[in-house]
Amino acid sequence: MTGIIFDIKEFALNDGAGIRTTVFFKGCPLRCAWCHNPEGLDPKPELYVKQNGCLKCGLCRRPCSHPECQPFGRCLHICPKNLVTVKGEKWEADDLANRLLKGSALLQSSGGGVTLSGGEPLLQADFACELLDLLGGKVHRAIETSGYATAETFQKVVKRCDFVYMDLKLADPEEHRKRTGVSNEKILANAAWLKESGIPHTFRTPLIPGIVDTPENLSAIAKIVGSDPWEQLPNNALAPAKYKSVGREWIL
Ligand code: SF4
Ligand code: SF4
């Protein structure tokens, strides 16, 4: 089956053990105010125009006859600085698995593997399952997830993984809804299941100043995590620059 991927990062060192290849799934049901991958939010392929270095020449806005440019309203081929691209590429699961397995010997020798990230991989759960099945037994499989999905979807995907990184951002339901656009009810239920599942995992909390890193929130999350592994991640200050590239507004 087909999925939409917006990036494949080789030699990733922060997405699990060892050297990893990280696959970024397009689309996320959350809208975290601090999201550092705004190009991963929309499930569909979208225009990405790098702002840094733009000559304001307007060439990319001129009508062109390339069929692949028509859905985006810009020419993807004429920019003299190569700033105009599309984020989101269709992949067949078996083609993507073959591509990922080409580097598997190096990944395995470093104790690494493949990590599914995003966006939110659970939003393309059937595609993720097919990909994970194709990789199974050949390379270590990890996932980075918000945990926002039905129990059935969450469990069928993470049961196919060798390791799970799951975010716990905000413990208070109203604050979670306000800052991410969705309730944390499903996330907390899935976290409780994960804790009992026996699947190796680590919970993660991004330390967004004044929102996530408050003593009240961290103390409430610590209670949810209990004695399980928990990483607190530093804030990524590079995020705002990407928002203009996909025509979104940085609201923090
Ligand atoms: S869950 Fe992750 S990808 Fe989705 S909006 Fe939040 S930070 Fe961005
Ligand atoms: S063609 Fe390139 S440099 Fe010219 S306006 Fe478009 S993005 Fe900017």
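Residues numbered from 1 in each chain as written. Chains lettered and ligands numbered in written order. Predicted model: local features only at pLDDT ≥ 70, side-chain atom pairs only at ≥ 80, totals over all residues.

### Here's the deal with the overall build of the protein
Link 1 in the chain: Scanning the protein from N- to C-terminus turns up 8 helices and 10 strands.
Link 2 in the chain: Overall, the C-alpha framework of the protein stretches about 60 × 45 × 30 Å when taken along its three principal axes.
Link 3 in the chain: Classification of the 252 residues of the protein by burial places 37% in the buried group.
Link 4 in the chain: Relative to all contacts within the protein whose residues are 6 or more apart in sequence, the contacts with residues 24 or more apart total 72%. (Helix = DSSP H or I, 4+ residues; strand = E, 2+ residues; numbered from the N terminus. Buried ≥ 20, exposed ≤ 12 C-beta atoms within 10 Å, placed from the backbone. Contact = placed C-beta atoms within 7 Å.)

### Focus: the site of ligand 1
Link 1 in the chain: Taken together, Cys-28, Leu-30, Arg-31, Cys-32, Cys-35, Asn-37, Gly-40, Leu-41, Gly-118, Gly-119, Glu-120 and Ser-146 make up the full set of residues adjacent to ligand 1.
Link 2 in the chain: Grouping the amino acids of the shell around ligand 1 by side-chain chemistry returns 5 nonpolar, 5 polar and 2 charged. (Near = placed C-beta within 6 Å. Nonpolar A, V, L, I, M, F, W, Y, C, P; charged D, E, K, R; others polar.)

### Section: helix 3 (residues 125–135)
Link 1 in the chain: Listing the buried residues of helix 3 in full gives Phe-127, Ala-128, Glu-130, Leu-131, Leu-132 and Leu-135.
Link 2 in the chain: Where helix 3 is buried, its residues touch strand 1 (2–12), helix 1 (93–102), strand 6 (113–118), strand 7 (140–145) and helix 4 (151–158).
Link 3 in the chain: Positioned one or two residues after helix 3, Gly-137 has a phi angle of 80°, which is positive.

### Overview of unusual backbone geometry
Link 1 in the chain: The amide bond that connects Gly-118 to the next residue, Gly-119, takes the cis arrangement and shows omega of 15°.
Link 2 in the chain: By secondary structure assignment, the location of Gly-119 is in the loop between strand 6 and helix 3.
Link 3 in the chain: One non-glycine residue, Lys-56, adopts positive backbone phi at about 55°.
Link 4 in the chain: Tracing the sequence through the fold places Lys-56 in the loop between strand 3 (46–49) and strand 4 (84–87).

### Describing the site of ligand 2
Link 1 in the chain: Lining the immediate environment of ligand 2, one finds Val-49, Cys-54, Leu-55, Lys-56, Cys-57, Gly-58, Leu-59, Cys-60, Cys-79, Lys-81, Leu-83 and Val-84.
Link 2 in the chain: For the shell around ligand 2, a count of residues per class yields 9 nonpolar, 1 polar and 2 charged.

### Focus on the sheet that holds strand 5 (residues 89–92)
Strand pairing in a sheet takes place through backbone hydrogen bonds and is either antiparallel or parallel in direction.
Link 1 in the chain: Taken together, the 8 strands give an open sheet; going across it, the order is 5-1-2-6-7-8-9-10, and neighbouring strands pair in mixed fashion. Each having just a single partner strand, strand 5 and strand 10 (230–233) make up the two edges of the open sheet. Taken pair by pair, the neighbouring strands of this sheet meet at an average axis angle of 30°, ignoring direction.
Link 2 in the chain: Relative to strand 8 (residues 163–167), strand 7 is paired through 4 bridges, and the arrangement is parallel. (Pairing = 2+ DSSP bridges. Axes fitted to C-alpha atoms, helices over the stretch in contact; angles between N-to-C directions.)

### Observations concerning the environment of Pro-215
Link 1 in the chain: Residue position: Pro-215 is located in helix 7 (residues 215–225).
Link 2 in the chain: Residue classification places Pro-215 among the exposed residues on the basis of 7 C-beta atoms within 10 Å.
Link 3 in the chain: Put simply, Pro-215 and Leu-252 are 37 residues apart on the chain and 20 Å apart in space, counted from C-alpha to C-alpha.

### A look at the domain arrangement of the protein
One frequent convention defines the size of an interface as the accessible area lost when the parts assemble.
Link 1 in the chain: The domains assigned to the protein are domain 1 (2–45 + 88–245) and domain 2 (47–86).
Link 2 in the chain: Using only C-alpha atoms to locate each centre, domain 1 and domain 2 end up separated by 31 Å.
Link 3 in the chain: With 5 residues of domain 1 at the interface, the matching set in domain 2 holds 5 residues.
Link 4 in the chain: Grouping the amino acids of the side of domain 1 that touches domain 2 by side-chain chemistry returns 1 nonpolar, 2 polar and 2 charged. (Domains from an automatic or database assignment.)

### Quick word on the packing of helix 3 against helix 4
Link 1 in the chain: Relative orientation of the contacting elements helix 3 and helix 4 amounts to 15°, with a least axis distance of 9 Å. One finds that helix 3 runs roughly parallel with respect to helix 4. For the element pair helix 3 and helix 4, the recorded crossing hand is left-handed. Residues Ala-125, Ala-128 and Cys-129 of helix 3 form the contact with helix 4, whose own contacting residues are Thr-153, Lys-156 and Val-157.
Link 2 in the chain: Across the contact of helix 3 with helix 4, the residue classes tally to 4 nonpolar, 1 polar and 1 charged. (Parallel < 35°, antiparallel > 145°, perpendicular 65-115°, else oblique. Left-handed = near helix turned anticlockwise from the far one by under 90°.)

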